[in-house]
Structures are given as structure tokens and as C-alpha cells.
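Reading the structure
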Amino acid sequence: MILDAHPFNVNTKGHLEIGGVDTIQLAEKYGTPLYVYDVEMIRNHARAFVQAFRDAGVHGKVAYASKAFSTIAMLQVAKQEGLCLDVISEGELYTALQADFPTEKIHMHGNNKNEKEIAMGVEHEIGCIVIDNFHDIDLLDLELMKQEKTMNVLIRVTPGVESKTHKYIMTGNEDSKFGFDLQNGQAEDALKKLLGHPRINLKGLHCHIGSQIFETDGFRVAADILFVKLAAWKEKYQFESEVLNLGGGFGIRYTESDTPLPLAEYVKDMIQSVGQNCHKYNMKSPEIWIEPGRSIVGDAGITLYTIGANKNIPGVREYYSVDGGMTDNIRPALYQSKYDAVIANRPEASPEKEVSIAGKCCESGDMLIWDLPVPQIQDKDILAVFSTGAYNYSMASHYNRLTKPAVVFIEGGQDYLVVKRETYEDIVKNDLSYEGIKSFTSAK
Ligand SMILES: Cc1ncc(COP(=O)(O)O)c(C=O)c1O
Ligand SMILES: N[C@@H](CCCC[NH3+])C(=O)O
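Residues numbered from 1 in each chain as written. Chains lettered and ligands numbered in written order. Predicted model: local features only at pLDDT ≥ 70, side-chain atom pairs only at ≥ 80, totals over all residues. Heavy atoms only, no water.

- Going by the annotation in an unreviewed UniProt entry, the name recorded for the protein chain is Diaminopimelate decarboxylase, with Oceanobacillus neutriphilus given as the source organism.
- Database annotation for the protein chain, UniProt heading Subunit (unreviewed entry): "Homodimer."
- If you open the UniProt record of the protein chain and go to Cofactor (unreviewed entry), you find "pyridoxal 5'-phosphate". (UniProt positions renumbered as here; feature names shortened; annotations may be inferred.)

1. Some remarks on the layout of surface pockets
- When its volume is computed, the second largest pocket comes out at roughly 360 Å³.
- If you go around the second largest pocket, you meet 22 residues; those closest to its centre are Gly60, Lys61, Val62, Cys84 and Glu287.
- When residues of the lining of the second largest pocket are traced back to their parent elements, those giving at least two are helix H2 (39–56), strand S5 (60–65) and strand S13 (287–290). (1 Å grid on protein atoms, 1.4 Å probe; cavity = no way out; pocket = protein on both sides within 12 Å on 5 of 7 lines; lining within 4 Å. Points joined across faces, edges and corners; volume = space filled by probe spheres on them. Helix = DSSP H or I, 4+ residues; strand = E, 2+ residues; numbered from the N terminus.)

2. Side note on the site of ligand 1
- Taken together, 15 residues lie near ligand 1, and His208, Ser211, Glu291, Arg294 and Tyr391 sit nearest.
- In this structure, an oxygen atom belonging to ligand 1 sits 2.3 Å away from a side-chain N or O atom of serine 211.
- Glutamate 291 has a polar side-chain atom sitting 2.6 Å from a nitrogen atom of ligand 1.
- When the residues that make up the shell around ligand 1 are grouped by side-chain class, the tally is three nonpolar, seven polar and five charged. (Near = heavy atom within 4 Å. Polar contact = N/O pair within 3.5 Å; in protein donor to acceptor, adjacent residues only side chain to side chain. Nonpolar A, V, L, I, M, F, W, Y, C, P; charged D, E, K, R; others polar.)

3. A closer look at the UniProt feature "binding site: substrate" (unreviewed entry) in the protein chain
- The UniProt record marks Arg294, Arg331, Tyr335, Glu363 and Tyr391 with the feature "binding site: substrate" (unreviewed entry), using the residue numbering of this structure. The largest pairwise C-alpha distance within this set of annotated residues, which runs over 98 residues, is 26.8 Å, so the set is dispersed in three dimensions.
- Tracing the backbone shows arginine 294 in helix H10 (residues 294–297).
- Note that tyrosine 335 resides in helix H11 (residues 331–335).
- Using a relative accessible area of 14% as the deciding quantity, one classes tyrosine 335 as buried. (Buried < 20%, exposed > 50% of the residue type's maximum accessible area, 1.4 Å probe, protein only.)

4. Quick word on the site of ligand 2
- Near ligand 2, the surroundings consist of seven residues, among which Arg294, Arg331, Tyr335, Tyr391 and Met395 are the closest.
- Between an oxygen atom of ligand 2 and a side-chain N or O atom of arginine 294, the distance comes to 2.6 Å.
- Relative to its free-state accessible area of 310 Å², ligand 2 is covered by the protein chains to the extent of 83%.
- In the shell around ligand 2, the residues fall into four nonpolar, no polar and three charged. (Areas by Shrake-Rupley, 256 points an atom, 1.4 Å probe, with all protein chains shown as cover.)

5. Comments concerning the nonpolar core
- The biggest cluster of nonpolar side chains holds 126 residues, and the ones touching the most others in it are Leu26, Tyr64, Leu140, Val297 and Leu383.
- The biggest single contributor to this core is H2, with eight residues.
- Those residues in contact with valine 297 that lie beyond four places of it in its chain are Tyr37, Ile42, Tyr64, Ala68, Phe69, Met74, Gly389 and Ala390.
- Counting residues in hydrophobic clusters, the runner-up holds five residues, among them Cys128, Val130, Val243 and Trp289. (Core = buried A, V, L, I, M, F, W, Y, C linked by side-chain atoms within 4.5 Å. Contact = heavy atoms within 4.5 Å.)

6. Here we look at empty space enclosed by the protein
- Throughout the structure, instances matching the rule amount to one cavity of 30 Å³ or more.
- Phe227, Leu230, Glu240, Ser241, Cys278, Met283, Lys284 and Pro286 are the residues that line the largest cavity.
- Here the lining of the largest cavity is built from residues that sort into five nonpolar, one polar and two charged.

7. Comments concerning the environment of phenylalanine 239
- The topology assignment puts phenylalanine 239 in the loop between helix H8 (217–237) and strand S12 (243–245).
- As a C-alpha pair, phenylalanine 239 and methionine 367 span 128 residues in sequence and 51 Å in three-dimensional space.
- Ignoring any residue separated from it by four or fewer positions in sequence, one finds phenylalanine 239 in contact with Leu191, Leu195, Leu202, Gly204, Leu230, Trp233 and Lys234.

Here it is as C-alpha cells:
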């Protein structure tokens, strides 16, 4: 049964609940589509990572990759849990500042950082900038001179590892837009530019091999490859990495066929492979940093929709459409991602048929789930889609002028509205009228 694959209960009314709160009441109170998060689950995931470093007695930093879900409330939870924060744009940094996130715990990424982003990072004295390319080095140096400051950096490298995941979310392979190539000498050139730099303080290396990864092998192989270079660079330049950031990418369960490892396992394995390499090459143990995004928030979030139109094509397929779609969840269209869902007002009802769940956008690819086993469906049933906490709200769009849904946090059996539902006024508020700017004469 679908429900057995997800950590959510059914209440005495027979409704799906999240964090002890009835999802049907939430749908009535806030409307649909609605993103709902169990905050206790978010905290537990964060603590699992932090505790894994503590248990091993190893210096580590867990930076929440805010691209997965960046809102003020979420960043406040990350702050309360003592996490660091990975931001990749001015907008993500701005959100962090609005959440009063300690700036020394913020790490800035990006494969095309601009002057404004770098200036903002320098001005707020963020903890570290991850250097992705030579352009970054030039811009950062100029800005540091201007502001008379210094900055800690990591060099992002692509180790040439192909992680077992969708090609759009692989990032450690050689043919990638991210980072310096480790094998062709680019990373070494960056190192030479930064060694002994008067303003840029090189703390170590960064690599992120991809996302939604279920085994530890890829991280191990990446660490082994990095250490071969680190050993050579120690010999040649007396450079020792104080920090090794092995990125994020830890997989979560979307459907029953996904078999994620306990979060601590990834950390344990990384610690072990870094330890073995340090021993092998007689190097000091670096601090190990990780950057989980999806695995902190992904399975803690669900989306509630109201089911509307039905189209049955006998012998072909039966479609049910919901009041959201690719605008609040682009992942099925972008990565062919699979999701599980239940009818939230009777999640335990036995499936009687398979139907496909479509969104309401004017796009054939706007499908949320193909071939979902369901009981008989009635008009206005509420559909709960599981594991929509990561890269759903953050990748939402206004296609077809749909408004972005509200976000509700559940904690201690209470619901809290943390992002208001957008209004149509919000959508048009930056539009400027063209009438009166230019007068037209119609063609004869
Ligand atoms: C550099 C970097 N760090 C961390 C992450 C977070 O990945 P995930 O959400 O899969 O943990 C990403 C996204 O893939 C990334 O590009
Ligand atoms: N947005 C992607 C992951 C990309 C992660 C960022 N490098 C997803 O939904 O799976």
C-alpha cells in the first residue's frame, strides 16, 4: 500500500494527517494547492547529520543547501538547528539576511556570480565563497580591494565522477558547467592563483557530484580522486586542505522503489574514506563539510490538491486533473520524476483502478503522476502528493498566470502559515501599462 511507504498517519476520521494535524482541515483552512511541512521531520534530518559528525568526534559542518527550499521560516529553522547555509544567488543571500542568519555561517556558490552578488557577500562578511571559475577569482579580488577585506574560499572541482542519477542533476562529471576540471590542470591553475594570495584565504576544496544519490560509492570515488591531487599538491606546493566539502546529493524516498540510506550512513562513510586517505597520504584530517538540501526537507513536505475534471479514454487511460501542476512541481516534466499520492480524505481505501494525475496548465507534459493506483474518486477529493518538500516551492513558476501556493508549517500539533498564497495582484504588480506610453494608429 502506498501509505506504508511514507511516514504519515491516518486519524480517527480516516483522514491523512501530517504532524498530528488533519490534512483535510488544512485544505479547508488554507485552500489548495497547499505545501505543508512537518517541521519535526526537518529538524530530525538536520540533527541526524550533525549528530553523525559528533558521534565520530570529527569536525564537520552541515550547510543546508537553501536552493531546495528557501523561505524565511525555513532558514530560521536551519538557524535554530545550528546549521550553516549554502546560497547561490543574491536572492538566496537576501532571504538569509532577512531570516537573520548568522552571516559567518553562510557559504556562497554559483557558476556565474556577478559583481553585485560578490559585493554583497563581502559586505556581509559571509563565511566562505566557493570559487567556481577564474571569473570568480577576478571579481572577488577586485571587490576585496575595494572594500579592504579578506575572504575565505574553497575551490570547486569536478572530479570526473558520473553519479548514478538523472543526467540533468549530475554535477561531478567532466562535461559540466560547474567548477574547475581536476584532471586537465584547471584546478591546479586556480590553486596557484590563490596560494599566498593577500586577500583570498584558500581553505580547501569543494566537490558536489550530483543529487538524489542512493549509494556512498560515488562520494568515496570522488574523495579518492581529490586526495590523489591533494597529495600531489602537498608535495609540490606544501598546500594542505583545511576543509574538504563533499557537497550534498543524498537521496530520499519519492516512491516505494526508492531505497535511501539512513542519513548518518553517508556521513560515516565520508568520514571513513577521508580518514583512510589521510592515513594513506600522511595528511592532516581536514574539516569535512556537507551540503544537504533535498534530504533535509524533501520527504518532510507534501502538497495538497483538489481533484476536479476527469477524462476517461476507454482502453487507453483515465486522467484526473488537479488545481496545480507543473507550476508548483516541475520535477516530473523536467526529470521524469515519480511521485506517490493518496486521496487524503480516505488514504486507506483499497485501490480499484489506476489513473494519471494531470495539472491544469496548457501543456501536455503537465503531468504529476502516471498510473497511480486509487480508489473510486469523487469530485473535490483532496489529493496528497508525498515528498514534495524539496525543489517544488523553490522551482515554482507563474506559467498560465497561476499563483504560487501558500506554505504551512506544522509543529507541536499546530499549523502556522509561513508563506502566504500569492494573489493575482502579486502576479501583475510589476507589470506596467503600455497604454498611454505610445499611441498607436491601426493599420489601414
Ligand atoms: C553545490 C551543491 N551543493 C548542494 C546541493 C544540494 O543537493 P541536494 O539537494 O541533492 O542535497 C546542490 C544541488 O544539487 C549543489 O549543486
Ligand atoms: N532541482 C533538482 C536538483 C538540482 C540540485 C541543484 N544542483 C531536483 O529537483 O532534483
